[in-house]
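Single-letter residue listing:
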Amino acid sequence: MKRISTAVLTTMLVTGAAGVTMATPVFAKKKEEPAKGPAYTQAVAIAAQKAKAAFAAKDMAAAEAATVEAEGAAKTDDDRYLATFLRYALVSQKIADASTGTNGAFDPTPMIAPLDSLIANPATPADLRPQFEYSRATIAYDQKNWALATQLFTAAQTHGSTQQNLPLYLAKAKIQGGNAAGGMADLDALYASGKPQTEDLFKYAINTSYQAGLRADTLKWIQRWVTAYPTEKTWRDAIGFYALSAKPMAKLDKRQRVDLFRLMRQTKSLADQAYYEEYAQSAGDIGLPDEAKAVIDEGKANGRIPAVPSSAIKGLATDAAAQIAAEGSFDSLEKKAAAAPTGPLSAQTGDAYFGRGNYAKAIALYKQALSKGGVNTDEVNTHLGMALAISGDKEGAKAAFTAVTGAPRNEIAAFWMIWLDHPPTS
């Protein structure tokens, strides 16, 4: 038994017995009096009227007999369309009756022959053709015949099908058939339609593009995901997939990872002690003990770090406290940075102030570093943008982030800009 969605079955039945309506058949006329619209031979028209009455009376045996009669008498394309439509209606009704209580499970095989005939027949009405093509495509899709499913979904779309699920089915059929780029392009078009999409669509696009090696598509869909669903969990999963998983799509150094941990801190997506530990360890490793201590204190305060923390957390806290005591004030460092001919010391001092949460000082020093030159401008602009963002200067932050052009820092900056416009929901 195959299982096709209830919506698909409904589509099949609408053009089958459940919605069978037939105008009074027009008999074929003499050549000097051409019929308007479909013209059926008398024997087929009479059989169709018998079938219509049998369907109305729910007499399937009589409907079968009338359908066989119409099939045997059919001579023209119009005749064959009507006879095949009766067969399809009969099959659909039998399937509907047999699938009662099966939660939508049924064998669609009997539908294939009449659907193929209806699709191939030039007399099939234009308004019904896309419905038949869509129904046949869903069967091919269910049978994993990706080439045929792609062909028929495309035909149904071309002929004006309004089936809501068609674009997604078409994209998936292309992807499953080996045309990942084509399927991803269809998913892009679906996203561009502006219609709300489920989280499953974003996750499917992310995983599919990642497996196909389409990195740019993967990153784009991750960013779209956190834009559409900016929950704490989505932020955590998106950043994790991007850079913090066992097989991340971006391999970052510690300074870059810290910048993403900072974003997770802002989005409240640091889930547990392990995240806080890695963040604190990384911050300490790059010379930011104040930030390491602040992160640990925050984790304890919000309960993400247990009241009795791990020995690793205890060690990190002890090391951070010792380094902070040894560093003391940054005043002399700040003066040296101001006197330096180039900007590296200004950038480093800005980082130190950032770690202490003194964003005003950090902003001034980052700007000083950029004006003096000799620095990694992408890194400094990233940090300037973060300090401005946390300080509430949204437009200034965007300007700084936009100035970041090299990968992977431009990708990190893009995540921060998404956060500015789409803060996390609970």
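Residue positions are given per chain, counted from 1 along the sequence in the order it is written. Two thresholds apply to this predicted model, a pLDDT of at least 70 for residue-level local features and 80 or more for giving and counting side-chain atom pairs, whereas whole-chain, interface and lining totals are computed over all residues. Excluded from the side-chain calculation are hydrogens and water; included are all heavy atoms of the structure.

### Some points on the overall build of the protein
Stage number 1. Numbering goes from the N terminus for both helices and strands, where a helix is a DSSP run of H or I of at least four residues and a strand is a run of E of at least two. Regarding its fold elements, the protein presents 22 helices and two strands.
Stage number 2. Radius of gyration here is computed from C-alpha atoms only, and the compact-globule reference equals 2.2 Å multiplied by the residue count raised to the power 0.38. Expected size for 426 residues packed as a compact globule is a radius of gyration near 22 Å; at 33 Å, the protein overshoots this value by more than 25%.
Stage number 3. The dimensions of the protein, computed from C-alpha atoms along their principal axes, are 105 × 50 × 30 Å.
Stage number 4. Between buried and exposed lies partly exposed: a residue is buried under 20% and exposed over 50% of the maximum accessible area for its type, with that area taken using a 1.4 Å probe on protein chains only. Counting over 426 residues, the protein shows a buried share of 48%.
Stage number 5. Within the protein, residue pairs in contact and separated by at least 24 positions form 60% of the contacts whose partners lie at least 6 positions apart.
Stage number 6. To measure how exposed things are, a 1.4 Å probe is used in the Shrake-Rupley method; for residues, cover is taken only from the protein chains shown. Only carbon and sulfur atoms are counted for the fraction: they give 54% of the accessible area of the protein, which is about 19800 Å².
Stage number 7. As used throughout, the charge tally considers Lys and Arg to be positive and Asp and Glu to be negative, leaving His and the chain termini uncounted. Each charge is placed at NZ for Lys, CZ for Arg, CG for Asp and CD for Glu. Once the 46 positive and 43 negative side-chain charges of the protein are each reduced to a mean point, those two points are 1 Å apart. Contacts: residue pairs with any heavy atoms within 4.5 Å of one another.

### Re the nonpolar core
Stage number 1. Residues grouped as a nonpolar core are buried Ala, Val, Leu, Ile, Met, Phe, Trp, Tyr and Cys residues, joined through side-chain atoms within 4.5 Å. The biggest cluster of nonpolar side chains holds 72 residues, and the ones touching the most others in it are Leu-187, Trp-235, Tyr-242, Phe-401 and Trp-416.
Stage number 2. At seven residues, helix H22 (residues 409–421) tops the list of elements feeding residues into this core.
Stage number 3. Ranked by size, the runner-up nonpolar core spans 27 residues in total, among them Tyr-81, Tyr-134, Ile-139 and Ala-173.

### Digging into unusual backbone geometry
Stage number 1. Following Ala-407, the chain continues to Pro-408 via a peptide bond in cis, the omega torsion being 0 degrees.
Stage number 2. When you line up the elements, Pro-408 lands in the loop between helix H21 (394–402) and H22.
Stage number 3. Positive phi values are uncommon outside glycine, yet Lys-144 reaches one of about 60 degrees.
Stage number 4. Although it is not a glycine, Lys-268 adopts a positive phi angle of roughly 55 degrees.

### Some details on the packing of helix H10 (residues 199–211) against helix H11 (residues 215–228)
Stage number 1. It is the contact of H10 with H11, at a shortest axis distance of 8 Å, that shows an interaxial angle of 160 degrees. Classified by the angle between their axes, H10 and H11 sit roughly antiparallel to one another. Between H10 and H11 lies a crossing of left-handed hand. Where H10 abuts H11, its residues Glu-199, Phe-202, Lys-203, Ala-205, Ile-206, Ser-209 and Tyr-210 lie against Asp-217, Thr-218, Trp-221, Ile-222, Arg-224, Trp-225 and Ala-228.
Stage number 2. The class makeup of the residues in the contact of H10 with H11 is eight nonpolar, two polar and four charged. Orientation is described by axes fitted as lines to C-alpha atoms, over the contacting stretch for helices, and by angles from 0 to 180 degrees between their N-to-C directions. Note that the term roughly parallel is reserved for angles under 35 degrees, roughly antiparallel for angles over 145, roughly perpendicular for angles of 65 to 115, and oblique for everything else. Two helices cross in a left-handed way if the nearer one is turned anticlockwise from the farther one by less than a right angle. They cross in a right-handed way if the turn is clockwise. Following the grouping adopted for this structure description, the nonpolar residues are Ala, Val, Leu, Ile, Met, Phe, Trp, Tyr, Cys and Pro, the charged ones are Asp, Glu, Lys and Arg, and the polar ones are all others, Gly among them.

### Here we look at the pattern of salt bridges
Stage number 1. A pairing counts as a salt bridge when a side-chain nitrogen of Lys or Arg comes within 4 Å of a carboxyl oxygen of Asp or Glu. Under the criterion given, the structure shown has 26 salt bridges.
Stage number 2. The closest approach of N and O atoms between Lys-293 and Asp-297, which form a salt bridge, is 2.8 Å. Of this pair, Lys-293 and Asp-297 both sit in helix H15 (residues 289–301), four residues apart, which is roughly one turn of the helix.
Stage number 3. Overall, the relative accessible area of 35% leaves Asp-297 in the partly exposed class.
Stage number 4. Here the salt bridges share partners, and the residues they tie into one network are Arg-255, Asp-259, Arg-262, Glu-291, Asp-351, Glu-379 and Arg-409.

### Remarks on the packing of aromatic side chains
Each pair of aromatic rings is reported with the distance of its centres and the angle of its planes.
Stage number 1. Side-chain rings of Phe, Tyr and Trp, where Trp is taken by its six-membered ring, are said to pair if the distance between their centres is within 6.5 Å; with planes under 30 degrees apart they count as stacked, over 60 as edge-to-face, and otherwise as tilted. Considering all chains together, one arrives at 19 aromatic pairs under this definition.
Stage number 2. An angle of 65 degrees between the planes, with centres 5.1 Å apart, marks the rings of Tyr-141 and Tyr-169 as edge-to-face. Taken together, the positions of Tyr-141 in helix H6 (residues 129–142) and Tyr-169 in helix H8 (residues 166–176) put the pair 28 residues apart, joining distant regions of the chain. Across the pair, Tyr-169 and Tyr-141 agree in class, each one buried.
Stage number 3. Between Trp-416 and Trp-419 the ring centres are 5.5 Å apart and the planes differ by 90 degrees, which places this aromatic pair in the edge-to-face class. Residue Trp-416 and its partner Trp-419 are both found in helix H22; the two are separated by three residues, about one turn of the helix.

### Some remarks on H10
Stage number 1. For a helix, the expected span equals 1.5 Å multiplied by the residue count minus one. The end-to-end C-alpha distance of H10 is 18 Å, a good match for the 18 Å that 13 residues give at a rise of 1.5 Å each.
Stage number 2. Buried within H10 we find Leu-201, Phe-202, Tyr-204, Ala-205, Ile-206, Thr-208 and Ser-209.
Stage number 3. Taken together, the buried residues of H10 touch H8, helix H9 (180–192), H11 and helix H12 (232–244).
Stage number 4. Gly-213 sits one or two positions beyond H10 and adopts a positive phi of about 75 degrees.

### Some remarks on helix H13 (residues 254–266)
Stage number 1. Taking 1.5 Å of rise per residue, 13 residues should cover 18 Å, and H13 covers 18 Å from first to last C-alpha, within 8% of that figure.
Stage number 2. Inspection of H13 places Gln-256, Arg-257, Val-258, Asp-259, Leu-260, Phe-261, Arg-262, Leu-263 and Met-264 among the buried residues, and these make up the whole buried set.
Stage number 3. Where H13 is buried, its residues contact H12, helix H14 (273–285), H15, helix H18 (344–355), helix H20 (377–391) and H22.
Stage number 4. Definition of a polar contact: a pair of N or O atoms within 3.5 Å, with one able to donate and the other able to accept a hydrogen when the atoms are protein atoms, and with sequence-neighbouring residues admitted only if both atoms are side-chain atoms. Between a side-chain oxygen at the N-terminus of H13 and the backbone nitrogen of Arg-255 the separation is 3.1 Å; the capping residue is Asp-253.

### A few points about the side chain of Lys-174
Stage number 1. Among the secondary structure elements, Lys-174 is positioned in helix H8.
Stage number 2. Beyond its immediate stretch of four places on either side in the chain, Lys-174 contacts Thr-150, Asn-179, Ala-180, Gly-182, Gly-183 and Asp-186.

### Digging into the confidence of the model for the protein
Stage number 1. The predictor attaches a confidence to each residue, called pLDDT, with possible values from 0 through 100. A residue-level look at the protein finds 90% of positions with pLDDT of 70 or above and a mean pLDDT of 91.
Stage number 2. Every residue in residues 1–24 scores below 50 in pLDDT, and together they form 69 contacts with partners more than four places removed in sequence or on other chains.

### A closer look at the side chain of Thr-234
Stage number 1. Relative to the elements of secondary structure, Thr-234 occurs in helix H12.
Stage number 2. Take Thr-234: its relative accessible area is 3%, and that puts it in the buried class.
Stage number 3. Excluding residues that lie within four positions of it along the chain, Thr-234 makes contacts with Glu-199, Trp-225, Val-226 and Tyr-229.

### Digging into the environment of Glu-133
Stage number 1. Considering the arrangement of structural elements, one finds Glu-133 in helix H6.
Stage number 2. On the accessibility criterion, Glu-133 (3% relative accessible area) is buried.

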